[in-house]
Amino acid sequence: MVEEEDQLRPLLKAELEVVREWRNHPDVRRYMYTQHEIGAEEHRAWFEKAQQDPNRYLLLYLRQGTPVGFANVSIDNMSARRAEWGFYLAPDALPGSGQRLGHATLAYAFETLGLHKLCGEALAFNVRSIRFHERLGFTREATLRDHHFDGQAFHDVIVFGLLANDRTGVKAL
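Residues numbered from 1 in each chain as written. Predicted model: local features only at pLDDT ≥ 70, side-chain atom pairs only at ≥ 80, totals over all residues. Heavy atoms only, no water.

Student: Even after reading the chapter, I still don't get the overall build of the protein, so can you show me in this structure?
Tutor: Each helix and strand in the protein was counted, giving five helices and seven strands. Listed by position from the N terminus, the elements making up the protein come as β-α-α-α-β-β-β-α-β-α-β-β. Relative to its length of 173 residues, the protein is compact, with a C-alpha radius of gyration of 16 Å against a globular reference of 16 Å. A burial count over the protein gives 42% of its 173 residues as buried. Excluding contacts between residues fewer than 6 apart, the proportion of contacts in the protein whose partners are at least 24 apart in sequence is 60%. Both charge centroids of the protein, one from 21 positive and one from 24 negative side chains, sit 3 Å from each other. (Helix = DSSP H or I, 4+ residues; strand = E, 2+ residues; numbered from the N terminus. Rg over C-alpha atoms; globule rule 2.2 N^0.38 Å. Buried < 20%, exposed > 50% of the residue type's maximum accessible area, 1.4 Å probe, protein only. Contact = heavy atoms within 4.5 Å. Lys, Arg positive; Asp, Glu negative; His and termini not counted. Charge placed at Lys NZ, Arg CZ, Asp CG, Glu CD.)

Structure follows, in structure tokens:
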């Protein structure tokens with residue numbers, strides 16, 4: 001359930017720096033495929049490229065008017081109405097912000113975009129993300145063994161999927 005004081009809207013260029021700061025925070029960065037600190041120019045180029053893709057949605061999540069999270073929805077097959085998502089929170093986000101961001105993004109993906117399936121991935125050591133997906137109703141669909149190399153070690157990747165009609169059984173906040 002999306003609370004009334006919650007808002008999920010397109011990320012604006014003026015907000016890039018705050019999102020980059022969240023993304024570069026060690027507690028966020030360590031769970032990403034890309035481990036290096038993202039520079040301002042690299043971040044700006046990523047944003048500008050995403051703006052040119054009509055199947056890519058960069059979304060800022062606000063709780064009680066304060067930006068506290070980011071979600072990225074990328075449609076990879078419009079005819080199958082299937083997309084992938086990624087997300088992260090501000091390191092100082094209030095407890096419960098993750099679930100609220102999750103519900104807001106799912107509502108956007110299924111109700112606004114009309115998707116049939118949303119897919120996600122988590123590094124196997126990211127237990128919080130795995131539990132997060134499961135609490136939102138995602139099904140664990142695969143384990144990709146030694147799928148990601150971070151420069152020092154290989155890591156398994158857990159793959160999740162959520163169908164639009166799976167959402168009916170998910171408890172709202």
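Student: Help me understand the packing of helix α1 (residues 16–24) against helix α3 (residues 40–51) in this model?
Tutor: To describe two helices that pack against each other, one gives the angle between their axes and the distance between the axes. The N-to-C vectors of α1 and α3 enclose an angle of 115°; their axes lie 11 Å apart at closest approach. The angle between α1 and α3 places the two elements in the roughly perpendicular class. The element α1 and its partner α3 pack so that their crossing is right-handed. Of α3, the residues touching α1 (which contributes Leu 16, Val 19 and Arg 20) are Ala 40, His 43, Arg 44, Trp 46 and Phe 47. A breakdown of the residues in the contact of α1 with α3 according to their chemical character gives five nonpolar, one polar and two charged. (Axes fitted to C-alpha atoms, helices over the stretch in contact; angles between N-to-C directions. Parallel < 35°, antiparallel > 145°, perpendicular 65-115°, else oblique. Left-handed = near helix turned anticlockwise from the far one by under 90°. Nonpolar A, V, L, I, M, F, W, Y, C, P; charged D, E, K, R; others polar.)

Student: Before we go on, may I ask you to explain the packing of aromatic side chains in this structure?
Tutor: For any two aromatic rings, the description comes down to two numbers: the centre-to-centre distance and the angle of the planes. Inspection of the entire model under this criterion finds nine aromatic pairs. Relative to Phe 125, the ring of Tyr 31 lies with its centre 5.8 Å away and its plane at 35°, an arrangement referred to as tilted. Separated by 94 residues along the polypeptide, Tyr 31 in the loop between α2 (26–29) and α3 and Phe 125 in the loop between β5 (117–123) and α5 (127–135) bring together distant segments of the chain. Overall, the relative accessible area of 25% leaves Tyr 31 in the partly exposed class. Seen from their ring centres, Trp 85 and Phe 138 are 5.7 Å apart, and the 5° between their planes marks the pair as stacked. Of this pair, Trp 85 sits in strand β4 (residues 82–89) while Phe 138 sits in the loop between α5 and β6 (139–149), and the two are 53 residues apart along the sequence. (Phe/Tyr/Trp six-rings, centres within 6.5 Å; stacked < 30°, edge-to-face > 60°.)

Student: Looking at this structure, I do not really get the nonpolar core. What am I missing?
Tutor: Nonpolar side chains in soluble globular proteins tend to be buried together. Counting 41 residues, the largest nonpolar core has Leu 11, Val 73, Leu 115, Leu 118 and Phe 138 as the members making the most contacts within it. Contact partners of Leu 11, with chain neighbours within four places excluded, come to Leu 16, Val 19, Phe 47, Leu 58, Leu 59, Leu 60 and Phe 70. (Core = buried A, V, L, I, M, F, W, Y, C linked by side-chain atoms within 4.5 Å.)

Student: I would appreciate a short explanation of the pairing of β5 in the present structure.
Tutor: Regular strands show a simple pattern: their side chains alternate between the two faces of the sheet. Burial of β5 is extensive: six of the seven residues sit out of reach of the surface. Strand direction decides the pairing type here: β4 and β5, joined by three bridges, are parallel. Considered in β5, the bridge of Glu 84 is made with Cys 119. Where β5 meets strand β7 (residues 154–163), seven bridges bridge the pair, whose relative direction is antiparallel. (Pairing = 2+ DSSP bridges.)

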